[in-house]
Amino acid sequence: MEYWILFGTFTFLLLIGTPIAFCLGVSSFATIAYLGLPPVVVFQRLNSGVSIFALMAIPFFIFAGNLMVRGDIARRLVALAGAAVGHFRGGLGQVNILASVLFGGISGSAAADASAIGGLMVPQMKERGYDADYAVNITVVSSIIALMLPPSHNLIIYSIAGGGRISIADLFTAGIIPGLVLALSLMVAAWIVARKRGYPLEDFPGIRAVGSLLLSATPGLVLVAIIFGGVRSGVFTASESSCIAVVYAMFAIFFLYRTMNFEQFRMAVSDAVRTTAMVLMVIGCAAAFGWLLAFLRIPTQLVEFMRDLSDSPIVILLLINVLLLILGSFMDMSPLIVITTPIFLPVAMEFNVDPVQFGIILVLNLGIGLCTPPVGTVLFVGCAVGKMPVWDVVKTIWPFYLAGVFTLMLVTYIPALSLWLPSLFH
């Protein structure tokens, strides 16, 4: 009965549109009450879920990303990407993807990427004769590249959900090659669709123009080197690097670029506070929910159930991916990471999957869910930016969605894609 109360209450509240944090908290409270445990347990677990020092990195990385978004960095990165790959077939589509790679290493947020890059690229693509659905499709799916690259706060959340024993530096390193593979897969899909629709070629501006734009964008790109290099080398922790990222971002936009006024700064602070409050509230409530899952021995029972189904790692990983893709279509990413990590990580480890590799699988899988209706957050952001109905976009997004799933299968069944680069630092 306690299973029905926990999952039934959660599902009912989710279906009637209750915010996800309250779905997790109320269902946990109802189950605790049924079990006869002290209700204060829920609040203790909520408090312990957010009282983790490593979580300090999340608000600072979010703030640094917001500063860069409002500090004209995105426009410079788009210009650099346009000079580098704009002359390929469907050039502005390729520019959109490469700009997501460059900007993703600064923001670490798919929603911020879709908003910033989409706001710049979608109107330009429409003006140059590209169909609106093509522009939005590329903007939406390419934005999940940001989830794989440092400073992805979702990788930090996964590390904490995994008990804090999984190295954030290894996760940051492990996501780089899968992120680039995803970008390449999307570029191929964009080229195929562009060729089929007969989209135009852009002129190559020349090496000198590329070099000039690279020089202009370098202060923004240095932020990526500071975050990744500092954490990977052990000079500072992820939490310390997030603070340094904010200091550098403020230095870049106020003294190097001089592109931010007080009102933009106020809005960046406000957005960061709002986003941080939402994320930490969800993490806290999800911690209470996750404690109940462990208390009810659900992960152990799931391991036994899957062992009864098959003893093949190939089949088990396929089942996990399918379940995560379904869940990702109905829930947002951060709470799902906190909820599903304690459930599926033990299963994966039983079948000799490295926790670092599983983290990349999980984040990429749930990132694809952000592009999938009915609760695809990034999909809605992209449609709002492109002023397109969701269902019109979904009808033609499948080539890019398949590129994402193809990359997911590669990351799942070729461990070296995730583990080779971190192994070089050990």
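Okay, so let's go over this structure. Keep in mind the model is a prediction, meaning the values are calculated, not measured.

**Description of the layout of surface pockets**
Phase 1: Roughly 1,200 Å³ of internal volume is contained in the largest pocket.
Phase 2: Forming the walls of the largest pocket are 41 residues, and the residues nearest its centre are Ser 109, Ala 111, Thr 275, Met 278 and Thr 377.
Phase 3: Breaking the lining of the largest pocket down by element, the ones donating at least two residues are helix 2 (20–35), helix 4 (57–70), helix 7 (110–127), helix 9 (153–161), helix 14 (262–295), helix 17 (333–350) and helix 19 (377–386).
Phase 4: Among the elements that line the lining of the largest pocket, the one with the most residues is helix 14, at seven residues.
Phase 5: Tallied by class, residues from the lining of the largest pocket come to 25 nonpolar, 11 polar and five charged.
Phase 6: There is about 610 Å³ of room inside the second largest pocket.

**Some remarks on helix 17**
Phase 1: Taking 1.5 Å per residue as the helical rise, helix 17 with its 18 residues ought to reach 26 Å, and the 24 Å between its terminal C-alpha atoms agrees with that figure.
Phase 2: Within helix 17, 14 of the 18 residues are buried, which leaves the element mostly enclosed by the surrounding structure.
Phase 3: One or two steps after helix 17, the chain reaches Asn 352, where phi turns positive at roughly 65°.

**Overview of the packing of aromatic side chains**
Phase 1: Taken as a whole and judged by the stated rule, the model has six aromatic pairs.
Phase 2: Ring pairing ties together the aromatic residues Phe 63, Phe 254 and Phe 265, which thus form one cluster.

**Notes on unusual backbone geometry**
In most cases, non-glycine residues show a negative phi, while peptide bonds are predominantly trans.
Phase 1: Between Pro 150 and Pro 151 the backbone carries a cis peptide bond, its omega angle lying at 10°.
Phase 2: Relative to the elements of secondary structure, Pro 151 occurs in the loop between helix 8 (132–142) and helix 9.
Phase 3: One non-glycine residue, Asn 352, lies in the positive phi region at around 65°.
Phase 4: Under the relative-accessibility criterion, Asn 352 is labelled exposed at 75%.
Phase 5: We note that Lys 387 has phi near 55°; this positive angle belongs to a residue other than glycine.
Phase 6: Here Lys 387 shows up in the loop between helix 19 and helix 20 (390–394).

**Focus: the nonpolar core**
Phase 1: In terms of nonpolar packing, the biggest core is built from 143 residues, with Tyr 134, Phe 358 and Phe 400 touching the most fellow members.
Phase 2: Sorting elements by how many residues they give to this core places helix 14 first, with 11 residues.

**Observations regarding the environment of Leu 14**
Phase 1: Among the structural elements, Leu 14 can be located in helix 1 (residues 2–15).
Phase 2: Beyond its immediate chain neighbours, meaning those up to four positions away, Leu 14 contacts Ile 20, Cys 23, Phe 330 and Met 331.

**Let's talk about the environment of Leu 323**
Phase 1: By the element assignment, Leu 323 lies in helix 16 (residues 313–328).
Phase 2: Expressed as a C-alpha distance, the spacing of Leu 323 and Leu 417, which sit 94 residues apart in the sequence, is 22 Å.

**As for the environment of Val 188**
Phase 1: Mapping Val 188 onto the fold places it in helix 11 (residues 176–197).
Phase 2: What makes Val 188 partly exposed here is its relative accessible area of 43%.
Phase 3: Sequence-wise, Val 188 and Gln 94 are 94 residues apart; in three dimensions their C-alpha atoms are separated by 9.1 Å.

**Overview of the side chain of Thr 139**
Phase 1: Within the fold, Thr 139 resides in helix 8.
Phase 2: Excluding residues that lie within four positions of it along the chain, Thr 139 makes contacts with Asn 96, Ala 114, Gly 118 and Val 122.

**Section: the packing of helix 16 against helix 18 (residues 355–369)**
In helix packing, the relevant descriptors are the interaxial angle and the interaxial distance, both defined with respect to the helix axes.
Phase 1: Contact pair helix 16 / helix 18: the axes reach a minimum separation of 8 Å and the direction vectors enclose 40°. One finds that helix 16 runs oblique with respect to helix 18. As helix 16 packs across helix 18, the resulting crossing turns out to be right-handed. Residues Ile 320, Asn 321, Leu 324, Leu 325 and Gly 328 of helix 16 pack against Phe 358, Ile 361, Leu 362, Asn 365, Leu 366, Ile 368 and Gly 369 of helix 18.

**Describing helix 19**
Phase 1: Of all the positions in helix 19, only Val 378, Leu 379, Gly 382, Cys 383 and Gly 386 are classed as buried. Here the buried residues of helix 19 occupy an arc of 135° about the axis, which is enough to place them on one side.
Phase 2: Those residues of helix 19 that are buried lie in contact with helix 7, helix 8 and helix 20.

**What about the state of the cysteines?**
Phase 1: Tallying each qualifying case throughout the model produces zero disulfides.
Phase 2: Lacking any disulfide linkage, Cys 285 is separated from the closest cysteine sulfur, that of Cys 23, by 9.8 Å.
Phase 3: With no disulfide of its own, Cys 383 has Cys 371 as its nearest cysteine by sulfur position, at a separation of 10 Å.

**So, the pattern of salt bridges**
Oppositely charged side chains are able to pair whenever their charged atoms sit close together.
Phase 1: In the structure shown here, the tally under the stated rule is five salt bridges.
Phase 2: Taking the shortest distance from any N to any O, the salt bridge between Arg 266 and Glu 263 comes out at 2.7 Å. Of this pair, Arg 266 and Glu 263 are both found in helix 14, three residues apart, which corresponds to roughly one turn of the helix.
Phase 3: Judged by relative accessible area, which is 41%, Arg 266 ranks as partly exposed.

**Quick look at the packing of helix 2 against helix 14**
Phase 1: Two elements in contact, helix 2 and helix 14, have axes whose closest approach is 8 Å; the angle formed by their N-to-C orientations is 35°. Considering how the two elements wind past one another, helix 2 and helix 14 form a crossing that is left-handed. Residue-level inspection shows Ile 20, Ala 21, Leu 24, Gly 25, Ser 27, Ser 28, Thr 31, Ile 32 and Leu 35 of helix 2 in contact with helix 14, the latter providing Met 281, Val 282, Cys 285, Ala 286, Ala 288, Phe 289, Trp 291, Leu 292 and Phe 295.
Phase 2: For the contact of helix 2 with helix 14, the residue count by class is 14 nonpolar, four polar and no charged.

Calculation criteria
Residues numbered from 1 in each chain as written. Predicted model: local features only at pLDDT ≥ 70, side-chain atom pairs only at ≥ 80, totals over all residues. Heavy atoms only, no water. 1 Å grid on protein atoms, 1.4 Å probe; cavity = no way out; pocket = protein on both sides within 12 Å on 5 of 7 lines; lining within 4 Å. Points joined across faces, edges and corners; volume = space filled by probe spheres on them. Helix = DSSP H or I, 4+ residues; strand = E, 2+ residues; numbered from the N terminus. Nonpolar A, V, L, I, M, F, W, Y, C, P; charged D, E, K, R; others polar. Expected span 1.5 Å × (residues − 1). Buried < 20%, exposed > 50% of the residue type's maximum accessible area, 1.4 Å probe, protein only. Phe/Tyr/Trp six-rings, centres within 6.5 Å; stacked < 30°, edge-to-face > 60°. Core = buried A, V, L, I, M, F, W, Y, C linked by side-chain atoms within 4.5 Å. Contact = heavy atoms within 4.5 Å. Axes fitted to C-alpha atoms, helices over the stretch in contact; angles between N-to-C directions. Parallel < 35°, antiparallel > 145°, perpendicular 65-115°, else oblique. Left-handed = near helix turned anticlockwise from the far one by under 90°. Arc of directions from axis to C-beta. Disulfide = S-S within 2.5 Å. Salt bridge = Lys/Arg side-chain N within 4 Å of Asp/Glu carboxyl O.

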